[in-house]
Every structure is written in structure tokens, then in C-alpha cells.
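Listed below, chain by chain, are the residues.
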Amino acid sequence: MSRILLNKDNLFYNLELISKKATSKDKVAVVLKDNAYGHGIIEVAKLSKEFGIKKAVVKSVEDAKKIKDYFPYILILAPNDFNNYSHTFHIALNTLENIEKIPQNSNVHIKIDTGMHRNGIAIDDIEEAILGLSKRKVNITGVFTHHKGADELSTSFFFQKELFSKAKYKVKEVCEKLFLPIPAFHSCNSSALFREKNFEELNEDFARVGIATYGYLEDDLPFDFPKLKPVMSLWASKMATRELKKAQSVGYGGKFTANENMIVSTYDIGYGDGFLRLNENHNYTTPKGFRVLGRVSMDNLSINSDEKEVCLFDDVRELAKIHNTITYEITCSLKESIKREIV
Ligand SMILES: *Cc1c(COP(=O)(O)O)cnc(C)c1O
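Residues numbered from 1 in each chain as written. Predicted model: local features only at pLDDT ≥ 70, side-chain atom pairs only at ≥ 80, totals over all residues. Heavy atoms only, no water.

(A) Region of interest: the site of the ligand. The local shell around the ligand consists of Val-31, Lys-33, Tyr-37, Leu-77, His-146, Asn-189, Ser-190, Arg-208, Gly-210, Ile-211 and Tyr-328. Separating an oxygen atom of the ligand from a side-chain N or O atom of Lys-33 is a distance of 2.5 Å. Starting from 390 Å² of accessible surface for the ligand in isolation, the protein chains cover 93%. When grouped by side-chain class, the residues that make up the shell around the ligand number five nonpolar, four polar and two charged. (Near = heavy atom within 4 Å. Polar contact = N/O pair within 3.5 Å; in protein donor to acceptor, adjacent residues only side chain to side chain. Areas by Shrake-Rupley, 256 points an atom, 1.4 Å probe, with all protein chains shown as cover. Nonpolar A, V, L, I, M, F, W, Y, C, P; charged D, E, K, R; others polar.)

(B) Focus on the domain arrangement of the protein chain. Domain annotation for the protein chain reports domain 1 (8-214) and domain 2 (232-342). Centre-to-centre separation of domain 1 and domain 2, based on C-alpha positions: 38 Å. In this complex, domain 1 contributes 10 residues to the contact, which on the side of domain 2 involves eight residues. A combined buried area of about 930 Å² lies between domain 1 and domain 2, and 65% of that area is made up of carbon and sulfur atoms. (Domains from an automatic or database assignment. Contact = heavy atoms within 4.5 Å. Buried area = accessible area lost by both parts, 1.4 Å probe.)

(C) Here's a closer look at the UniProt feature "binding site: substrate" (unreviewed entry) in the protein chain. The positions that UniProt labels "binding site: substrate" (unreviewed entry) are, in the present scheme, Arg-118 and Met-298. The annotated residues occupy 181 residues of the chain and do not converge on a single region, their most distant C-alpha atoms lying 34.4 Å apart. Within the fold, Arg-118 resides in the loop between β6 (107-111) and α5 (126-135). Discounting chain neighbours no more than four positions away, the residues touching Arg-118 are Lys-111 and His-146. Relative to the helices and strands, Met-298 resides in the loop between β14 (292-293) and β15 (301-303). Beyond its immediate sequence surroundings of up to four residues, Met-298 is in contact with Gly-270, Tyr-271, Gly-272 and Asp-273. (UniProt positions renumbered as here; feature names shortened; annotations may be inferred. Helix = DSSP H or I, 4+ residues; strand = E, 2+ residues; numbered from the N terminus.)

Structure, rendered in C-alpha cells:
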């Protein structure tokens with residue numbers, strides 16, 4: 001059976017670096033959306049709690065329910081139903097239209113659009129949002145924004161930062177006028193957190209950290225950042241071994257042909273499990289130096305090894321390059337049906 005191993009030491013190592021940068025564990029919200037970027041939402045929730053993280057960010061109410069016992073504070077980014085919220089759940093307000101759907105006593109974080117133009121309300125609508133929410137007796141517990149390019153050498157990072165500080169100013173002004181408590185402010189994802197020279201000076205309540213938790217930041221960032229350790233490795237088990245004779249080929253299309261007699265085994269993982277398809281145009285070598293031969297099938301692939309179990313990767317950067325994508329997509333693609341184990 002194929003399986004995903006989660007390296008607890010590496011996760012703790014990353015969380016330690018992240019907490020230091022954010023000045024404390026209390027200022028870190030671990031992002032667990034999309035099954036914790038494919039790592040397993042329950043497993044990562046458990047470990048993060050054990051490390052001492054108290055806040056989590058998820059996409060949906062269903063996900064928040066799965067991890068409610070691990071965190072006293074959960075932010076839901078894309079709430080789809082506005083009922084039955086627990087007092088530990090905080091829901092994002094992504095558009096003014098949702099104000100009237102939010103029940104009394106819910107906790108809400110207002111999302112501000114500072115330039116990504118995906119979700120969130122305009123700075124000019126802050127007063128309307130706060131008035132509308134407080135009229136409904138909703139608790140405004142947070143105000144946040146999201147960077148579109150904190151990992152790129154463009155000015156958008158600074159531009160959005162500037163806009164968000166204007167938004168914070170406006171929020172404080174309106175809340176003071178209405179005698180409302182000042183909400184928590186947060187704007188940093190992984191790369192923004194590490195791009196900030198001094199997080200403390202930003203004066204925010206926490207950072208929302210996804211990819212760095214799992215051990216990755218893009219390699220070509222326009223600022224210095226610490227080396228993190230990938231948490232996930234993917235393993236597959238041998239199904240069959242044979243000798244491939246010289247000039248015989250293996251797999252769909254017969255795209256790998258042996259130059260000489262060689263040992264070849266089939267392992268039980270394929271693109272159906274979310275291990276994105278490799279083919280004759282890619283050379284991929286496993287950490288131990290074995291090659292993936294020819295085309296990856298739906299449920300299996302061939303490797304020049306006869307080991308009982310092989311490690312397909314313990315770092316997905318090489319695969320991300322081959323597939324012309326980002327590390328996020330490689331790990332997120334792995335299906336929930338693969339067993340996750342903590343080591
Ligand atoms: C996914 C997401 C994050 C985490 O981003 P990383 O780059 O993985 O750190 C933070 N905030 C929001 C709103 C997100 O959607």
C-alpha cells in the first residue's frame with residue numbers, strides 16, 4: 001500500500017522558525033485548507049496543537065468541524081453556510097452582501113481587498129460593513145487582507161501593505177466611534193511573514209502560515225529566508241518484479257525500452273492517487289537514485305528497483321519544476337485515500 005509519511009521533527013523545526021519570526025507561537029495561525037495542503041488535516045492539526053499552535057485557518061465549515069477539538073480559534077475563509085457556528089469559529093466576510101446572512105453573536109473577520117481583487121470589501125466600504133455587522137449584533141473579531149505577490153520582486157507587496165495600514169486606521173476610527181473593541185489584524189501569508197524585516201513593528205495579531213509549515217518557500221524569493229524542511233514523503237509498495245530483457249519496453253505506449261537486461265518492478269501509486277503523471281518527456285529520479293520508467297499509469301508505475309517499498313519523493317521541488325507548477329499543487333493533489341502516518 002502506498003503511504004505518506006509526515007516527519008514530525010521537520011514540522012516542529014519549521015514551526016519553531018515560523019514562531020520565532022512571528023515573535024511567538026500565539027501569533028501563528030496554521031493554514032490547514034485543502035487537507036493541510038495534502039498532508040492530512042487531522043494529522044497536522046494534532047501535531048500543531050502538540051507544538052503549541054492555538055489558531056488554525058481552513059476553507060470550510062466542514063473542515064472547521066473536523067479540527068474543532070484541536071484549536072480554540074479557527075478562521076473559516078470561505079464559509080458556505082452561515083449557521084451553527086461555534087464560539088471558537090470565526091468566519092470571513094468576503095462581500096457586503098453576506099452581512100444579512102450572518103446570525104447574531106457570530107464572530108466575523110472582515111476581509112479587505114487591497115489589490116488581489118478576488119475577495120473582500122473595498123476600503124471605502126469599511127464603515128458600512130462595521131455598521132451593518134454591529135447592527136446585527138455580530139462580533140467583529142478580525143480584519144484581514146491577503147497578498148497577491150509577497151513572493152515576487154514587484155511593488156505590489158508594499159502597495160498592499162500601505163493600503164492595509166490605511167484600512168487598519170479606518171477600522172480603529174470607526175470602532176472607537178461606535179465603542180466597539182478593536183479587532184485582530186492580520187495580513188501575512190508565509191512569504192509576507194518572512195519578507196517583513198520586523199514582524200513586531202507591523203503590529204499585527206498573527207500571521208496565516210501555510211506553505212512554510214510544510215517546509216517550502218519558493219526558491220527564487222527576492223529576500224533572505226531560512227531553510228525549511230519538507231514534512232511529507234511519499235512511499236509506494238512493490239506489486240511485481242520482472243526481468244525486462246534487452247529491447248523490451250514497459251508501460252503504456254512502451255515508451256521506455258531496456259538497453260540491456262534489467263530488473264523492473266511495479267509500485268502501487270499512479271496519477272489516480274494524485275501522483276501527477278510523468279511520461280517519456282521527463283526524467284525523474286527518486287531520492288535513492290532509481291528512475292521512474294516510461295509513463296505513469298493510473299494506479300501504478302515502473303521503477304528500476306526491486307525494493308519492497310520505494311520513496312517517490314521527500315522534497316517536491318524537483319517534481320514541481322518538471323510539472324511546471326508550484327510545490328503547493330504537487331502536495332495538494334495527493335488524494336485523501338492515501339494513508340498518512342506520523343514518524
Ligand atoms: C492559502 C492562504 C494562506 C496561506 O498562504 P501560504 O502562501 O501557503 O502561506 C493565507 N491566507 C489566505 C487567505 C489563504 O487563502
